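# A closer look at the structure
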Amino acid sequence: MLKNTKQAIIIGGSHAAAQLSISLRQERWEGEILVVSDDSQFPYHRPPLSKDYLSGDTSAEQLFIRPASVYRDKQIEFLLNTRVEKIDRINKSVTLSNGEARQYDKLALCTGARTRQLAIPGVALNGVHYLRDLTDAEAIKQAIQSNGKAVIIGGGYIGLETAALLRKIGIDVCVLEAMGRVLQRVTAEEVSAFYHRVHTEEGVEIKTGVFATEIVGNDCVEGVVCSNGEQIDANLVIIGVGVIPNTELAEGIGLDVDDGVIVNEFAQTSDEHIVASGDCAAHLNLIYGRRIRLESVPNAIEQSKTAAASMCDREKVYNALPWFWSNQYDLRLQIAGLNQGFDRVVFRGDVESSRSFVAWYLKQGSIVAADCVNRPAEFILAKKLISSEKQLPIADLANDSIDAKTLLLALA
Amino acid sequence: MPLIKYVEHNGTEHQIQVSNGQSVMEGAIDNMVDGIAGECGGSCSCATCHCYVHEDWVAKVGGPNEIEEGVLECAADPRANSRLSCQITVTDELDGLVILLPESQY
């Protein structure tokens, strides 16, 4: 039996929602917990969708963050296939798509993000897919033909991870990137060139500086027309051109929103009874001294722990260094920190011909971020350098003959 | 189902039956063993499911492959018997396995 009747409602079926529901119990929230998700499934890991899930190396069951029994044991109620239609901040209630109204004492927005849609002719043809949720991944899995030819629109991480996966199962792949280089918005020129090279070595065709103007075919996709007039044959098209945070509910009730629901370092929105976390939230990051919105699992997890504490009237500041990962072929990329605003990049290892290196991003002489490809020891070193005020000589960081462990010790 | 014993850094023990084919990490996550975070969901990328294999079991469990070895370098306080629990698949052979959890995953 629950000891009191306080109500917590979590909106969304994201990784953040799953973590928040569990963290609430760990923070000893004794009232009810309701998670309202418009998904048909319990929350699952999304990163494998563009990686091992498509190849069949990971099953749908393995994707679940926790089995349903855990939520049941923890007395966390899930309403799947259900949307929140309306939030009433005055009466502290939500109206659900099934017509029900539920009261809350604390509300959490974990609404995540959705794929940015491409507005060109032909996107509704069979064989054209986005890749965000399990349904998308399942559809792509069904559509994969061993002798197929795929065009991937968008040369960001999702696009490149998918390209790597499709190559692994023997599909011809062409990646179209509208900007001058792949990963242009997120990484240095040399790192873009590195990924371009490796994908080319693996047999992926990459076209940069061209965008798709039309997808053609009768009923099923047959090709993609590019801005230079060229038409590329395809029986599968995957669009990966970024995501948009789901902030409509928050906007509808007048919360502060600016590319994400604005929250402070305690995951609190401009309403003291409402928190937000995960992809939909833009938080004040104390390390970088500004507001950022992160699309990453570590952010969803750590920020949700903070949000849960806030809902229990405890202060747990969210002050984690952002980090990301991307697996493609044998490349295990770990990114520490955010590289925006850097003025210099220094390399460790051979970025031009090997498959293992570090790109250190510097701003006024200090490390602000690092891209580590097959360099786990340097990744931990980077995290320590960015989070602490400590510094190491740039020449040492660039000198690959000095062991990374030695540098770690020098920092201790 | 094989029984796995998870021992937290403070000595708290969790005896959990884990299905064959699941990883030691999944067994912990599914049963709310706090000492394992498993942020990357078992893709050998984050080192937040780091564990120590009890010395009696090291030979049977075996060592990490090259990729895991690299990621283990990221873990806090790695030792000779360190493994990523997401990379240990549970089988009948591992019935009774004792897993020691580190003080922190960060």
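Residues numbered from 1 in each chain as written. Chains lettered and ligands numbered in written order. Predicted model: local features only at pLDDT ≥ 70, side-chain atom pairs only at ≥ 80, totals over all residues. Heavy atoms only, no water.

### Digging into the UniProt feature "domain: FAD/NAD(P)-binding" (unreviewed entry) in chain A
Note the threshold: UniProt positions are given in the numbering used here, feature names are shortened, and annotations may be inferred rather than shown by experiment. In this description a helix means any DSSP run of H or I spanning at least four residues, a strand means any run of E spanning at least two, and both kinds are numbered starting from the N terminus.
The positions UniProt marks with the feature "domain: FAD/NAD(P)-binding" (unreviewed entry) are residues 7–303 of chain A. Counted over residues 7–303 of chain A, helix gives 25% and strand 29%. Its end C-alpha atoms are 21 Å apart.

### Some points on the state of the cysteines
Residue and element names in this part refer to chain B. What counts here: Any pair of cysteine sulfurs within 2.5 Å is marked as a disulfide. The buried label applies to any residue whose accessible area, calculated with a 1.4 Å probe on protein chains only, is under 20% of its type's maximum; exposed applies above 50%, and partly exposed to all values in between.
One pass over the full model with this rule turns up zero disulfides over all chains. This cysteine, Cys 40, is not joined by any disulfide, and Cys 46 carries the nearest cysteine sulfur, 3.8 Å off. Relative accessible area serves as the criterion here: at 5%, Cys 40 is assigned to the buried category. With no disulfide partner, Cys 49 has as its closest neighbouring cysteine sulfur the one in Cys 86, 3.8 Å distant.

### Describing a negative patch on the surface
Residue and element names in this part refer to chain A. Keep this limit in mind: Surface patches are defined over residues having more than 30% relative accessible area and no salt bridge, joining like charges when they lie within 9 Å and nonpolar side chains (Val, Leu, Ile, Met, Phe, Trp, Tyr) when within 5 Å. Each accessible area value is a Shrake-Rupley result obtained with a 1.4 Å probe; residue values ignore everything except the protein chains displayed when judging cover. For this document, the term salt bridge refers to a Lys or Arg side-chain nitrogen within 4 Å of an Asp or Glu carboxyl oxygen. Charge convention: Lys and Arg are scored as positive, Asp and Glu as negative, and His as well as the terminal groups of each chain are ignored. To locate a charge, the coordinates of NZ of Lys, CZ of Arg, CG of Asp or CD of Glu are taken.
The grouping of Glu 189, Glu 190, Asp 350 and Glu 352 at the surface amounts to a negative patch. With respect to the helices and strands, the residue Glu 352 is situated in the loop between β24 (344–349) and β25 (357–363). For Glu 352, a relative accessible area of 67% puts it in the exposed group.

### Here's the deal with the sheet that holds strand β1 (residues 7–11) of chain A
All names here are of chain A. Put simply, the rule is: A pair of strands is considered paired only if DSSP assigns at least 2 bridges between the two. Lines are fitted to the C-alpha atoms to define the axes, a helix being fitted only along its stretch in contact, and any angle between axes, read from their N-to-C directions, falls within 0 to 180 degrees.
The sheet built from five strands is open, its strands ordered β3-β2-β1-β7-β19 with parallel pairing. Edge positions in the open sheet fall to β3 (76–79) and β19 (274–276), since each of these has one partner strand only. Strand-to-strand twist in this sheet, taken as the mean axis angle between neighbours without regard to direction, amounts to 20°. Looking at chain direction, strand β2 (residues 32–36) and β3 are connected through four bridges and run parallel.

### Quick word on helix α6 (residues 157–168) of chain A
All names here are of chain A. How we decide: In this scheme, a helix's expected span is set at 1.5 Å multiplied by one less than its residue total.
Relative to the 16 Å expected for 12 residues at 1.5 Å per residue, α6 spans 16 Å between its end C-alpha atoms, a close match to the ideal helical length. The buried fraction of α6 is high, at nine of 12 residues. For α6, the complete set of buried residues consists of Tyr 157, Gly 159, Leu 160, Glu 161, Thr 162, Ala 163, Ala 164, Leu 165 and Leu 166. At the exit of α6 stands Gly 170, carrying a positive phi of roughly 85°.

### A few points about the UniProt feature "domain: Reductase C-terminal" (unreviewed entry) in chain A
UniProt records the feature "domain: Reductase C-terminal" (unreviewed entry) at residues 323–408 of chain A, using the numbering of this structure. With 26% helix and 40% strand, residues 323–408 of chain A has its two end C-alpha atoms placed 19 Å apart.

### A short note on the packing of helix α1 (residues 15–26) of chain A against helix α9 (residues 297–311) of chain A
Residues and elements named next belong to chain A. Note the following rule: Definitions for this section: a left-handed crossing has its near helix turned counterclockwise from the far helix by less than a right angle. A right-handed crossing has that turn clockwise. Two residues qualify as a contact provided that any one of their heavy atoms is within 4.5 Å of a heavy atom in the partner residue. Residues are grouped as follows: nonpolar covers Ala, Val, Leu, Ile, Met, Phe, Trp, Tyr, Cys and Pro; charged covers Asp, Glu, Lys and Arg; every other residue, Gly included, is treated as polar.
Running from amino to carboxyl end, α1 crosses α9 at an angle of 40°, the nearest separation of the two axes being 8 Å. The way α1 lies across α9 gives a crossing that is right-handed. Residue-level inspection shows His 15, Ala 16, Gln 19, Leu 20, Ser 23 and Leu 24 of α1 in contact with α9, the latter providing Val 297, Ala 300, Ile 301, Ser 304, Lys 305, Ala 307, Ala 308 and Met 311. When its residues are assigned to classes, the contact of α1 with α9 shows nine nonpolar, four polar and one charged.

### So, the interface of chain B and chain A
Using the following cut-off: By buried area we mean how much accessible surface two parts lose on assembly, using a 1.4 Å probe and totalling the loss over both.
With 19 residues of chain B at the contact, the number on the chain A side is 25 residues. For the pairing of chain B and chain A, the buried interface totals around 1800 Å² over both sides, and the portion due to carbon and sulfur atoms is 56%. Considering only the side of chain B, the residues that lose the most area to chain A are B:Met32, B:Glu39 and B:Cys74, jointly responsible for 35% of the buried surface there. On the surface where chain B and chain A come into contact, there are zero salt bridges.

### Section: the nonpolar core
This is how the line gets drawn: Note on terminology: a nonpolar core comprises buried Ala, Val, Leu, Ile, Met, Phe, Trp, Tyr and Cys residues joined through side-chain atoms within 4.5 Å.
Counting 105 residues, the largest nonpolar core has A:Leu166, A:Tyr195, A:Trp360, A:Leu381, B:Tyr6, B:Leu97 and B:Ile99 as its most contacted members. Excluding residues within four positions of it along the chain, A:Tyr195 makes contact with A:Leu160, A:Val182, A:Leu183, A:Gln328, A:Leu331, A:Leu333 and A:Val373. Residues A:Ile22, A:Ile33, A:Val35 and A:Ile76 belong to the second largest nonpolar core, which totals 26 residues.

### Details of the side chain of A:His15
Mapped onto the elements, A:His15 comes out in helix α1. Residue A:His15 is classed as buried on the basis of its relative accessible area, which comes to 10%. Residue contacts for A:His15: discarding those within four places in its chain leaves A:His45, A:Ile65, A:Val297, A:Ala300, A:Ile301 and B:Glu39.

### Considering the pattern of salt bridges
Think of it this way: side chains of opposite charge can pair up when their charged atoms draw near. Residue and element names in this part refer to chain A. Taken as a whole and assessed by the stated rule, the structure comprises 29 salt bridges over all chains. Across the salt bridge formed by Arg 197 and Glu 201, the nearest N and O atoms sit 3.0 Å from each other. On the criterion of helical spacing, the pair formed by Arg 197 and Glu 201 is a turn pair, its members being four residues apart in helix α7 (residues 189–201). Residue Arg 197 is classed as buried on the basis of its relative accessible area, which comes to 17%. Glu 201 gets classed as partly exposed once you look at its relative accessible area, which sits at 48%.

### Structural notes on the side chain of A:Glu27
Note the following rule: Between N or O atoms, a polar contact is any pair within 3.5 Å; within protein, one atom must be a potential hydrogen donor and the other a potential acceptor, and residues adjacent in sequence are included only when both atoms are from side chains.
Among the secondary structure elements, A:Glu27 is positioned in the loop between α1 and β2. At a separation of 3.4 Å, a polar atom in the side chain of A:Glu27 contacts the side chain of A:Lys316.

### Let's talk about α9(A)
Residues and elements named next belong to chain A. In a regular helix each residue adds 1.5 Å, so 15 residues correspond to 21 Å; α9 covers 21 Å between its end C-alpha atoms and thus fits that length. Sitting at the amino-terminal end of α9 is Ser 296, which places a side-chain oxygen 3.2 Å from the backbone nitrogen of Asn 299. One or two steps after α9, the chain reaches Asp 313, where phi turns positive at roughly 60°.

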